[in-house]
Amino acid sequence: MSVRPGRRKAVGRLRAAIGALVVALAAGAAVALPAAEAEAAGAKGGKVVYLTFDDGPSPAYTPKVLATLDRYGVRATFFEIGQNVAAHPSVTAQVARRGHSVQNHSWSHPDLRKLSAAALSAQVTDTDKAIRAQTGRTPSCLRPPYGAVNSTVRSKAAALGKQVVLWSVDPADWSRPGTAAIRSRVLNNVRPGSVILLHDGGGDRSQTVAALPAIISTLKARGYGFATLCG
Ligand SMILES: [Zn+2]
């Protein structure tokens, strides 16, 4: 979706509305996405999925993911690790410049349940600072490493102004099960509103990079549109 400057605010509101929808759906509420918003999101009949990429930025794999997303005109959400942002700031800047959402995945990927309040706060705020320096925006969402959450992590995240975002489709691409397995695990489990977990960092992501074109083209052929999370 190409966005003229005058439309940026409208698109921002749309993304906020979609984010609220995902939260509502996760809570089990029945929500109808207004037709105009569905159309603007590039979806047919409200069929939207959310591609998410964790553990970057990686100078080896993130640019390849970005090139594929550009080729298909698709936007995604990147949950980045603060220390990787500090090591490869220009890659994070590139992700944001291409219109993707850059969000918080902690500074060094610990299990947040095992941290003191002060340590958890530092993991989140240091990462916010590193991302903001490259994107000009403060992340509104936190994806806890390993999806490890409890009521303490949730309340501390809320106190830091963060919405906790997990996922609903996990092909375990990080374990390198093969390109075909990554592709089929996503395509066999996806449904409208799915949040798909993939990885652009944290190891050799060549299988994920190789699986991505078929995942996107097949979802498009099924009538899905793609949207970002967390504005
Ligand atoms: Zn991770």
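Reading the values: the criteria
- Residues numbered from 1 in each chain as written.
- Predicted model: local features only at pLDDT ≥ 70, side-chain atom pairs only at ≥ 80, totals over all residues.
- Heavy atoms only, no water.
- Disulfide = S-S within 2.5 Å.
- Helix = DSSP H or I, 4+ residues; strand = E, 2+ residues; numbered from the N terminus.
- Donors = N, O, S within 2.8 Å, 3.2 Å for Na, K, Ca; no water.
- Buried < 20%, exposed > 50% of the residue type's maximum accessible area, 1.4 Å probe, protein only.
- Polar contact = N/O pair within 3.5 Å; in protein donor to acceptor, adjacent residues only side chain to side chain.

Now for the state of the cysteines. Tallying each qualifying case throughout the model produces 1 disulfide. Here Cys 141 engages in a disulfide with Cys 230; their sulfurs sit 2.1 Å apart. Measuring handedness by torsion sign, the sulfur bridge of Cys 141 and Cys 230 sits at about -105° and is left-handed. Of the two residues, Cys 141 is situated in strand β4 (residues 141-142) and Cys 230 in the segment after β7 (225-226); the sequence distance between them amounts to 89 residues.

Attention shifts here to the coordination of the zinc ion. Octahedral six-donor coordination of a metal ideally yields angles of 90 or 180 degrees, compared with 109.5 degrees for tetrahedral four-donor coordination. Looking at the metal site, the zinc ion is ligated by Asp 55 (OD), His 105 (NE2) and His 109 (NE2), spaced 2.1 Å from it. Here the donor residues of the zinc ion share one chain and are spaced in sequence as D-x49-H-x3-H. Within this pair, whereas Asp 55 is found in the loop between β1 (48-54) and α3 (62-72), its partner His 109 is found in the loop between β3 (101-104) and α6 (117-135), the two being separated by 54 residues in sequence. Considered together, Asp 55 and His 109 belong to a single accessibility category, that of buried residues.

A separate point is the side chain of Ser 58. One can find Ser 58 in the loop between β1 and α3. Look at Ser 58 and you get buried, because its relative accessible area is 10%. A polar contact is formed between the side chain of Ser 58 and the backbone nitrogen of Ala 60, at a distance of 3.1 Å. At a separation of 3.0 Å, a polar atom in the side chain of Ser 58 contacts the main-chain amide nitrogen of Tyr 61.

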